[in-house]
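# Residue-level structural notes
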Amino acid sequence: MSAHPPLGADQVEAFIAAQRRKGYTQKCLDAERAHVLTFYAWWQQSPWPRDQVRGAMLDAYRLWLGEQPGRRDDRLAPATQLAKLSSLRAFLHFLHETE
């Protein structure tokens, strides 16, 4: 994957603004923001470097998501995991396009 500047609130809010311009509802925007910030919180506590997003790192994040408790079960539902990963993918694509 390509190098990106350190992830911060400015990039997240720029992404949310871009999604808003695409017509996303406020509920979707809130979910997108929460999903990206979940990744950011995980990344900050992980041993992965802060200068580049790598495929192996995304695999580790995906595995971590699979271990997280859900609201109704002992694990996040597969659809929830997919939604979080989809938001992250859209965010990373946004960063790549705006470099």
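From a predicted model like this one, the values you see are computed outputs, not experimental measurements. (Residues numbered from 1 in each chain as written. Predicted model: local features only at pLDDT ≥ 70, side-chain atom pairs only at ≥ 80, totals over all residues. Heavy atoms only, no water.)

Another aspect to go through is the packing of aromatic side chains. Summed over the entire model, instances satisfying the criterion amount to seven aromatic pairs. Measuring from ring centre to ring centre gives 5.7 Å for phenylalanine 15 and phenylalanine 94, while their planes differ by 55 degrees; the resulting arrangement is tilted. Of the two residues, phenylalanine 15 sits in helix H1 (residues 9-21) while phenylalanine 94 sits in helix H4 (residues 78-97), which places them 79 residues apart along the sequence. Take phenylalanine 15: its relative accessible area is 1%, and that puts it in the buried class. Taking relative accessible area as the criterion, phenylalanine 94 reaches 15% and is therefore assigned buried. Considering the side-chain rings of tyrosine 61 and tryptophan 64, the 5.8 Å spacing of their centres and the 20 degrees angle between planes classify their relative orientation as stacked. Placement of both tyrosine 61 and tryptophan 64 in helix H3 (residues 55-67) is noted, with a separation of three residues, approximately one turn of the helix. What makes tyrosine 61 buried here is its relative accessible area of 1%. In this structure tryptophan 64 comes out as partly exposed when scored by relative accessible area, which is 27%. Among the aromatic residues, those joined into a ring-pair cluster are Phe39, Trp42, Trp43, Tyr61 and Trp64. (Phe/Tyr/Trp six-rings, centres within 6.5 Å; stacked < 30°, edge-to-face > 60°. Helix = DSSP H or I, 4+ residues; strand = E, 2+ residues; numbered from the N terminus. Buried < 20%, exposed > 50% of the residue type's maximum accessible area, 1.4 Å probe, protein only.)

As a further point, take the layout of surface pockets. Volume-wise, the largest pocket comes out at about 280 Å³. A breakdown of the residues in the lining of the largest pocket according to their chemical character gives three nonpolar, three polar and five charged. (1 Å grid on protein atoms, 1.4 Å probe; cavity = no way out; pocket = protein on both sides within 12 Å on 5 of 7 lines; lining within 4 Å. Points joined across faces, edges and corners; volume = space filled by probe spheres on them. Nonpolar A, V, L, I, M, F, W, Y, C, P; charged D, E, K, R; others polar.)

What follows is about the pattern of salt bridges. Enumeration over the complete set of coordinates arrives at two salt bridges. Note that glutamate 13 is salt-bridged to arginine 33, the shortest N-O span being 2.9 Å. Of this pair, glutamate 13 sits in helix H1 while arginine 33 sits in helix H2 (residues 26-45), placing them 20 residues apart in sequence. The salt bridge involving arginine 33 is made with aspartate 30; its shortest N-O contact spans 3.5 Å. Linking arginine 33 with aspartate 30, this pair stays in helix H2, spanning three residues, or about one helical turn. On the basis of relative accessible area, aspartate 30 is assigned to the partly exposed category, the value being 38%. Where salt bridges share partners, they join Glu13, Asp30 and Arg33 into one cluster. (Salt bridge = Lys/Arg side-chain N within 4 Å of Asp/Glu carboxyl O.)

Shape is all these values report; function is a separate question.
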